[in-house]
Each structure stands twice: as structure tokens, then as C-alpha cells.
Amino acid sequence: LKLLTQKTLGRGFLKLVTTDGHALTNPIVSLHAAGVQDQEHLTAVVQQARVVQSGASFALWCCGGNQVVAWGNPEYGGDC
């Protein structure tokens, strides 16, 4: 569902939120297992990706997945 929403809205970083404010962050869990009811409305929240640079490394905060991806020189915080 998240991939379909990303494609439809043309936005890569977003999260889906239920009417009670629960963010659907695990793409492996089914909607039913996540507690989403039939006919329930979901809200797509578009988020801005954040990229920072430190010396010879970079980090990208992937908002939708709540994770950080780093690359570059390991001596400067990168993960080669």
C-alpha cells in the first residue's frame, strides 16, 4: 500500500497514519495485523529526506523508514 501511495503521489518519503494517529512503519505487517479496520481512512504524511555531510562521509535520514543510511570514509562516520 505504501509503494502504491508513493507512486500515486510522486513522493518517496512518506508514512501512512491511521485515524487514531498510529504510524504504519513496518511494511511486512498486514493492514489487518496492524489494526486497520475495513473502510478506515489513512493519511499519507509526506516527509522531507535529510542529508548531512561530515568530512568525507554522508548520512541520509530516511523519514518513512525511521532509519539512517551512511556512506563514505569510515574514519569520518561513513559505512563503506
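Provided above is the structure to which this section pertains.
Here the structure is a predicted model, which means the values were calculated and not measured.

Enquirer: Summarise the environment of Glu-75; cite the residues concerned and give the values.
Expert: Along the chain, the position of Glu-75 falls in the segment after β6 (67-72). Spatially, the C-alpha atom of Glu-75 lies 8.4 Å from that of Ala-56, the residues being 19 residues apart in sequence.

Enquirer: So what about the sheet that holds strand β2 (residues 23-24)? Which residues, and what values?
Expert: Across the sheet, three strands lie side by side as β2-β1-β3; this open sheet has antiparallel pairing. Whereas interior strands pair on both sides, the edge strands pair on one side only; in this sheet they are β2 and β3 (43-46). Direction of pairing for strand β1 (residues 14-17) relative to β2: antiparallel, over a ladder of two bridges. Along β2, the bridge assignment pairs Val-17 with Ala-23.

Scoring rules and cut-offs
- Residues numbered from 1 in each chain as written.
- Predicted model: local features only at pLDDT ≥ 70, side-chain atom pairs only at ≥ 80, totals over all residues.
- Heavy atoms only, no water.
- Helix = DSSP H or I, 4+ residues; strand = E, 2+ residues; numbered from the N terminus.
- Pairing = 2+ DSSP bridges.

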